[in-house]
Amino acid sequence: MENPEKEGASGREDAPQSWPSCLCHGLISFLGFLLLLVTFPISGWFALKIVPTYERMIVFRLGRIRTPQGPGMVLLLPFIDSFQRVDLRTRAFSVPPCKLASKDGAVLSVGADVQFRIWDPVLSVMTVKDLNTATRMTAQNAMTKALLKRPLREIQMEKLKISEQLLLEINDVTRAWGLEVDRVELAVEAVLQPPQDSPAGPNLDSTLQQLALHFLGGGMNSVAGGTASPGPADTMEMVSEVEPPAPRAGAGPSLKQPVAEGLLTALQPFLSEALVSQVGACYQFNVVLPSGTQSAYFLDLTTGRGRVGHGVPDGIPDVVVELAEADLQALLCRELRPLGAYMSGRLKVKGDLAVAMKLEAVLRALK
């Protein structure tokens, strides 16, 4: 099926000429053929061109464009024909990372990978001089406009949806150039500045804060945003390995238990097949002690009812959270915000942030 834009381009190619121009054109073309025959086969080395299947040749005869030639052998008239090759294979380029401000005031470094191909060789030659530069600028402008309207959380969680929208917007412009974009992949390189306004709903900051408070030092009420119950049954005391706390009346030996070990005991009863089907990911938590040693703990919610324990998981974890014990204590005392620790590098999250946010399902199960 012929594309209507292509038919329109062909109509512009066949613009009528005056009879003197047609006569002159025909006469010079005849002389070109005659010269080719007289000097053959020597002229064959210069007049015959081979066009592969993945290319088309755009020939200009006396300045007027002709129908795309190829694949196969193409005959060019000496002195009066000029040509330009057009590659029809899929090509790719990267939009270099640039600093953008999201709707909620966050500053992030975002780039994109774009794959495109030429579907109309004539339009690609006639309409745009530098096709790669024009397409790259179009993709960067579309990316900037799309991200300025969205908060940081939406950009991180819906990269595929934004990429599909960018694909449509870029194609609306480039189709008139004989070019079609096949794929756009958005790449968030780094978050340079956290959001100024806290977005409605859960985010990475609140998820990590709630995990720290509930698993490593808070009770059920801390997760819900309230204060911890004063009763001994819901109390867990933070023990510093550097400076021992003052003795507390009524405190049993269980308070001497390391906080992370208490985490394993508290989390085990809440594991279920429903939680595994909802999360479906494996997490590893690395806590660096003041001595320089590192304690590893895992939460495997990929099979069965899930597992939690000391050490590393059997398989490769989807997300690895690493922080020092001093930073962990600062998180528990609310002296350090998780997002601030993450931005400064004190809290390291390796893996997909979208998978890390699935820990919110664990919090809901604990409430």
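Small disclaimer: the values here were computed from a predicted structure and weren't measured.

Each value, and the rule that gives it
- Residues numbered from 1 in each chain as written.
- Predicted model: local features only at pLDDT ≥ 70, side-chain atom pairs only at ≥ 80, totals over all residues.
- Heavy atoms only, no water.
- Helix = DSSP H or I, 4+ residues; strand = E, 2+ residues; numbered from the N terminus.
- Buried < 20%, exposed > 50% of the residue type's maximum accessible area, 1.4 Å probe, protein only.
- Polar contact = N/O pair within 3.5 Å; in protein donor to acceptor, adjacent residues only side chain to side chain.
- Pairing = 2+ DSSP bridges.
- Axes fitted to C-alpha atoms, helices over the stretch in contact; angles between N-to-C directions.
- Contact = heavy atoms within 4.5 Å.
- Phe/Tyr/Trp six-rings, centres within 6.5 Å; stacked < 30°, edge-to-face > 60°.
- Lys NZ or Arg CZ within 6 Å of the ring centre and 35° of its normal.
- UniProt positions renumbered as here; feature names shortened; annotations may be inferred.
- pLDDT = per-residue confidence, 0-100.
- Parallel < 35°, antiparallel > 145°, perpendicular 65-115°, else oblique.
- Left-handed = near helix turned anticlockwise from the far one by under 90°.
- Nonpolar A, V, L, I, M, F, W, Y, C, P; charged D, E, K, R; others polar.

(A) Structural view of the side chain of Glu-180. Here Glu-180 lies in strand 8 (residues 179-193). Classification of Glu-180 by relative accessible area gives buried; the value is 17%. Polar contacts involving the side chain of Glu-180 include one to the side chain of Arg-175, which spans 3.1 Å.

(B) Looking closely at the sheet that holds strand 8. On the basis of which strands lie adjacent, the open sheet formed by three strands has the order 6-7-8 and antiparallel pairing. Either end of the sheet is taken by a strand with one partner, and the two such strands are strand 6 (91-101) and strand 8. If you compare each strand with its neighbour and ignore which way they point, the axes differ by 15° on average. Sitting on the sheet, helix 5 (residues 131-148) touches strand 6, strand 7 (107-118) and strand 8, and the angle it makes with strand 6 is about 35°.

(C) Geometry of the packing of aromatic side chains. The tally for this structure, following the rule as stated, stands at one aromatic pair. Sitting above the plane of the Tyr-54 ring, Arg-89 keeps its charged end 3.8 Å from the centroid.

(D) Focus on the UniProt feature "transmembrane region" (unreviewed entry) in the protein. Residues annotated by UniProt as "transmembrane region" (unreviewed entry) correspond here to residues 27-48. Across residues 27-48, the secondary structure splits into 73% helix and 5% strand, with the terminal C-alpha atoms separated by 22 Å.

(E) Representation of the confidence of the model for the protein in the model. With 70% of its residues at a pLDDT of 70 or more, the protein shows a mean pLDDT of 75. With pLDDT under 50 throughout, residues 198-203 is counted as low confidence; its partners more than four residues away or in other chains account for four contacts. In the predicted structure, residues 215-256 sits below a pLDDT of 50 and forms 47 contacts with residues beyond four places in sequence or in another chain.

(F) Here's a closer look at the side chain of Gln-156. Mapping Gln-156 onto the fold places it in helix 6 (residues 152-157). Look at Gln-156 and you get buried, because its relative accessible area is 16%. With residues up to four places along the chain from it excluded, the contact list for Gln-156 reads Val-191, Leu-353 and Met-357.

(G) Seen up close, the packing of helix 5 against helix 7 (residues 159-174). The N-to-C vectors of helix 5 and helix 7 enclose an angle of 135°; their axes lie 9 Å apart at closest approach. Viewed along their axes, helix 5 and helix 7 adopt a mutual orientation that is oblique. As for how helix 5 packs across helix 7, the hand of that crossing is right-handed. Contacts between helix 5 and helix 7 involve Thr-135, Thr-138, Ala-139, Ala-142, Met-143, Ala-146 and Leu-147 from the first element and Ile-162, Leu-166, Glu-169, Ile-170, Val-173 and Thr-174 from the second. Looking at the contact of helix 5 with helix 7 residue by residue, the class counts come to nine nonpolar, three polar and one charged.

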